[in-house]
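# Residue-level structural notes
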Amino acid sequence: MQTEQSKIQNILQFQQEYRELISEFVGNHDIDALEWNEIAFFMDEVKFFWLARLDAIDVELEFLTKKNCCFLLSGAIYLNVSDNEHFYFKSLGDHHILDDPFLRMEHFFRIAQDSIDTSDIVDYFRRVVLDNIEVLDKCQNAFLILPIRLLAIEDEEAHHGLLNDFFLRFLSNIFGTEYADQDSFCQDFATFEEIEDKLEPHVRELLTFNQYEEEGITLRKKIEMHNESQSSFTQLMAGEPEARIFFVTLFSYLSQISDTLLTCASLRVFPYIRYEVTFQYLVLIMRTFIDDEKLRDMIEKTIIFFIFRKTMEGLFDYHKSFKNYCETASEKKALPQIVSRMRDQKIDIFYGGGQNVSEIIQDLFADEIGRLTRLAADA
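A few points on the structure. Everything numeric in this text was worked out from a predicted model, so none of it was measured.

This brings us to the sheet that holds strand β3 (residues 144-146). Ordered by their spatial adjacency, 4 strands build an open sheet running β3-β2-β1-β4, and the pairing between neighbours is parallel. Whereas interior strands pair on both sides, the edge strands pair on one side only; in this sheet they are β3 and β4 (270-273). Pairs of neighbouring strands in the sheet enclose a mean axial angle of 35 degrees, with direction left out of account. Judged from the 3 bridges that link them, strand β2 (residues 95-99) and β3 form a sheet pairing that is parallel.

Okay, structure coming up:
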């Protein structure tokens, strides 16, 4: 009988070849003094690398996702091993996938250089390179880096059309006016304050653009905080009317979560979301999808994993062995246990119940939490 690894042997082989591709790039360039055109050329190399292997990956990924619970890192470009994010991501589910972060950054390098702060983008690219190396070297196939976007989207224009249509329906719904395009929205509003006055309080609260927003702040303050943390976006939108800035900012966040749901549904994987802002937009739109049984299951598991991430915040900072933790997580198979206890306790995670789920997680991981807490105290 074939083992699971033998049925994804091409994917595993491609991980090694992908590591060699990165090694060659790092070996031939000064990673601390990269030029824009050097990175753009490397992006093309990465894309060609995956395109040549796409059919084999498609077949093996289908096998993997049919028989396993596979999570995809969503709402973040790279894993961030240096902050121990690999521990959190490996905790629930059977297999854990990263959408190639270089492909996810590709659009930055298609923008005219004089319209953005290129130094910020190059610095970010450098962090992605170093993190990818750590994932491939230190995590030993605990994660699979794959060209998810290339697999999920056959027609970029049609896909963007779907995202745009969904966004316009959402915008029309929250403002109670039918909007056919950006221009029709911008004709109705001149300032952030006019926009804010038309929003229901619960919607206004859920529209967040920054991880560190305080509750109750104005829409203007939210967008100012966003712009302070996104210098390239600020440069790109300089001089634009406030209604257009709001439209583009909201579209970037809402399209991210709708794109995530479309991508994951098409490939039978589950989103792993760790950022509060991305999760808030899931909460904002999820009731549109939960009547569909498969989407409901997907979103439920996403919410459970987000609650796990919040519950375990900071506890892995002193863990000494990722390999040992992978073995522990694999043996525990915590996700089915969490869902089973939720059913027993009649917890509907879509209508509250987050604290109850957190308590289930604390109980299931009590030994690990206790040990990690002691390690932190002794540090």
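Don't stop here, the text continues.
Next up on the list: the environment of Thr311. Of note, Thr311 is situated in helix α17 (residues 293-311). Taking the C-alpha atoms as reference points, Thr311 and Ser358, 47 residues apart in sequence, are found 6.2 Å from one another. When sequence neighbours within four positions are dropped, the list of residues in contact with Thr311 reads Ser358, Ile361 and Gln362. Among the polar contacts listed, one links the side chain of Thr311 to the backbone oxygen of Ile307, at a separation of 2.7 Å.

A few words now on the pairing of β4. Burial along β4 is two-sided: Phe270 and Tyr272 facing one way and Pro271 and Ile273 facing the other are all buried. Here strand β1 (residues 70-74) runs beside β4; their pairing, made up of 4 bridges, is parallel. By the bridge assignment, Leu72 is partnered in β4 with Pro271.

For helix α20 (residues 354-364), every residue scored as buried is listed here: Val357, Ser358, Ile360, Ile361 and Leu364. For α20, the buried positions fall inside an angular range of 160 degrees around the axis, keeping them on one side.

Reading guide: rules and limits
- Residues numbered from 1 in each chain as written.
- Predicted model: local features only at pLDDT ≥ 70, side-chain atom pairs only at ≥ 80, totals over all residues.
- Heavy atoms only, no water.
- Pairing = 2+ DSSP bridges.
- Helix = DSSP H or I, 4+ residues; strand = E, 2+ residues; numbered from the N terminus.
- Axes fitted to C-alpha atoms, helices over the stretch in contact; angles between N-to-C directions.
- Contact = heavy atoms within 4.5 Å.
- Polar contact = N/O pair within 3.5 Å; in protein donor to acceptor, adjacent residues only side chain to side chain.
- Buried < 20%, exposed > 50% of the residue type's maximum accessible area, 1.4 Å probe, protein only.
- Arc of directions from axis to C-beta.

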